[in-house]
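Remarks on the overall topology
Below are the chains, spelled out letter by letter.
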Amino acid sequence: MNLFWLLSLAHLMGDFPFQTDKVFYYKRNFRWGGLFHVAICTFFNILLTLPFLKLRYFWLLLLILSVSHFLYDELKTWFTQKVMRDNIFLFLLDQTLHFFTIWVVVQLFSILHPFPSVAKWSIYTNTSFIVRLSGFVFVTFATAPIIFYLQNYFSYRRKQSEKRNFLFPKDRVRLLGYVERACAIIVFVRLNPYFWVLVPVIFVPRLIKQKSEGIIEASLGLFFAVATGIAIRYLVRV
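Our subject in this report is the structure included herewith. (Residues numbered from 1 in each chain as written. Predicted model: local features only at pLDDT ≥ 70, side-chain atom pairs only at ≥ 80, totals over all residues. Heavy atoms only, no water.)

In this section: unusual backbone geometry. Trans peptide bonds make up the majority, and among non-glycine residues the majority have a negative phi. You will see that tyrosine 57, though not glycine, has its phi angle at about 75°, which is positive. Considering the arrangement of structural elements, one finds tyrosine 57 in the loop between helix 3 (31–47) and helix 4 (58–82). (Helix = DSSP H or I, 4+ residues; strand = E, 2+ residues; numbered from the N terminus.)

Next comes the structure, spelled out in structure tokens:
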């Protein structure tokens, strides 16, 4: 159902490109910051489900998403401050809870409205476009923290003398990675397979600039772009 992809895209938009460093800081340190972040996510939930808003109980389902999002984030913040430091496993668990809740809400909606009568606005009914855009947002923005967590994870597993603590880069520093992964996913999804050879080339400037220090980030960026591109081509074709 398109609704799942619409709400998934809304979550990706609110949780990554529009969760800036300042929003993240306020969310981690102030209760109102968490509410502000959820308000941003709720805004995208509403914006991307406009044709459904007139249906009975739909606002209740959006409320469930907003409340659960706030609770998950508050629980993660408490856990990382009191129990253990943030890591790739907590990040993946948190995101799994978010997307599982979206799936549950969509199932509830399908029970309440098996055949919903909504306006046939092309931008909301074009599943191919929604899936491609979701993949683009995921690869460009959502993989930034994943790459960061994996870098620290790989570093932690090295010998003591080779360990290195990576700090999550600021917005401006992440810009190069955003551009790399955005270009890579566009080439892989939109262009003829003959042009796929250009995808690795996109990451060459990073390797020239950062040399060995950029190998892990470039390799992970390439991997996520290719893997997501394959998934998008499969989903759109199916």
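Packing of helix 4 against helix 5 (residues 88–112) leaves a shortest axis separation of 10 Å and a crossing angle of 165°. Put simply, helix 4 runs roughly antiparallel to helix 5. At the point where helix 4 passes helix 5, the crossing takes the right-handed sense. Residues Phe58, Leu61, Ile64, Leu65, Ser68, His69, Tyr72, Asp73, Lys76, Phe79 and Thr80 of helix 4 lie in contact with helix 5, whose contacting residues are Leu90, Phe91, Asp94, Leu97, His98, Thr101, Ile102, Val105, Leu108 and Phe109. Of the residues that constitute the contact of helix 4 with helix 5, the class distribution is 13 nonpolar, 5 polar and 3 charged. (Axes fitted to C-alpha atoms, helices over the stretch in contact; angles between N-to-C directions. Parallel < 35°, antiparallel > 145°, perpendicular 65-115°, else oblique. Left-handed = near helix turned anticlockwise from the far one by under 90°. Contact = heavy atoms within 4.5 Å. Nonpolar A, V, L, I, M, F, W, Y, C, P; charged D, E, K, R; others polar.)

Let us look at the packing of helix 1 (residues 2–15) against helix 4. Where helix 1 contacts helix 4, the axes come no closer than 13 Å and their chain directions differ by 35°. Seen along the crossing, helix 1 lies across helix 4 with a hand that is right-handed. Along the contact surface, helix 1 presents Leu3, Leu7, His11 and Asp15, while helix 4 presents Phe58, Leu62, Leu65 and His69. Residues belonging to the contact of helix 1 with helix 4 are distributed by class as follows: 5 nonpolar, 2 polar and 1 charged.

We now examine the pattern of salt bridges. Here the structure, examined in full by the defined rule, presents 6 salt bridges. For the salt bridge of arginine 31 with glutamate 74, the shortest nitrogen-to-oxygen distance reads 3.1 Å. Of this pair, arginine 31 sits in helix 3 while glutamate 74 sits in helix 4; the two residues are 43 residues apart in sequence, bridging distant segments of the chain. One salt-bridge network, in which partners are shared between bridges, spans Glu180, Arg206 and Glu217. (Salt bridge = Lys/Arg side-chain N within 4 Å of Asp/Glu carboxyl O.)

With respect to the secondary-structure elements, phenylalanine 136 resides in helix 7 (residues 127–156). When its relative accessible area of 26% is taken as the criterion, phenylalanine 136 is described as partly exposed. Sequence spacing of phenylalanine 136 and leucine 222 is 86 residues, and the spatial spacing of their C-alpha atoms is 13 Å. (Buried < 20%, exposed > 50% of the residue type's maximum accessible area, 1.4 Å probe, protein only.)

Residues spaced three or four apart along an α-helix face the same direction, because each turn holds 3.6 residues. In this model, helix 5 (25 residues) spans 36 Å end to end at C-alpha, consistent with the 36 Å of a helix rising 1.5 Å per residue. All buried positions along helix 5 are accounted for by Ile88, Leu90, Phe91, Asp94, Gln95, His98, Thr101, Ile102, Val105, Val106 and Phe109. With a side-chain oxygen lying 2.9 Å from the backbone nitrogen of phenylalanine 89, the N-terminal cap of helix 5 falls on asparagine 87. (Expected span 1.5 Å × (residues − 1). Polar contact = N/O pair within 3.5 Å; in protein donor to acceptor, adjacent residues only side chain to side chain.)

What follows covers the nonpolar core. If you look at the biggest cluster of nonpolar residues, it comprises 37 residues, and the most contacted ones within it are Leu3, Leu7, Phe52, Phe58 and Phe109. Here the element with the most residues in this core is helix 7; it accounts for 8 residues. (Core = buried A, V, L, I, M, F, W, Y, C linked by side-chain atoms within 4.5 Å.)

Moving on, we come to the side chain of threonine 140. Topologically, threonine 140 is positioned in helix 7. Classification of threonine 140 as buried rests on a relative accessible area of 2%. Within the structure, the side chain of threonine 140 is placed 2.8 Å from the backbone oxygen of phenylalanine 136, a separation counted as a polar contact. When near neighbours in sequence (up to four residues on either side) are disregarded, threonine 140 contacts Tyr178, Arg181 and Ala182.

Before going further, it helps to spend a moment on a nonpolar patch on the surface. A contiguous nonpolar surface patch, about 1100 Å² in accessible area, is contributed by Tyr57, Leu60, Leu63, Ile64, Val67, Leu71, Phe100, Trp103, Val104, Leu108, Ile111 and Leu112. Only helix 4 and helix 5 provide two or more residues apiece to the nonpolar patch. Of all the elements, helix 5 adds the most residues to the nonpolar patch, at 6 residues. (Patch = residues over 30% accessible without salt bridge, like charges linked within 9 Å, V, L, I, M, F, W, Y side chains within 5 Å. Areas by Shrake-Rupley, 256 points an atom, 1.4 Å probe, with all protein chains shown as cover.)

Attention now moves to the environment of valine 189. Note that valine 189 resides in helix 8 (residues 171–190). We classify valine 189 as buried; its relative accessible area is 12%. Separated by 19 residues in the primary sequence, valine 189 and lysine 170 have C-alpha atoms spaced 28 Å apart. For valine 189, the contacting residues outside a window of four places in its chain are Arg132, Gly229, Ile232 and Arg233.

So, about the packing of aromatic side chains. We describe a pair of aromatic rings using the distance from one ring centre to the other and the angle between the two ring planes. One pass over the structure, following the stated rule, counts 20 aromatic pairs. The interplanar angle of 15° and the centroid separation of 4.2 Å between the aromatic rings of phenylalanine 188 and tryptophan 196 together place this pair among those described as stacked. For phenylalanine 188, a relative accessible area of 6% gives the class buried. The class of tryptophan 196 is partly exposed, set by a relative accessible area of 27%. Through a chain of ring-to-ring contacts, the aromatic side chains of Phe16, Phe91, Phe148 and Tyr149 assemble into a single cluster. (Phe/Tyr/Trp six-rings, centres within 6.5 Å; stacked < 30°, edge-to-face > 60°.)

All we've got here are geometric facts, nothing functional implied.
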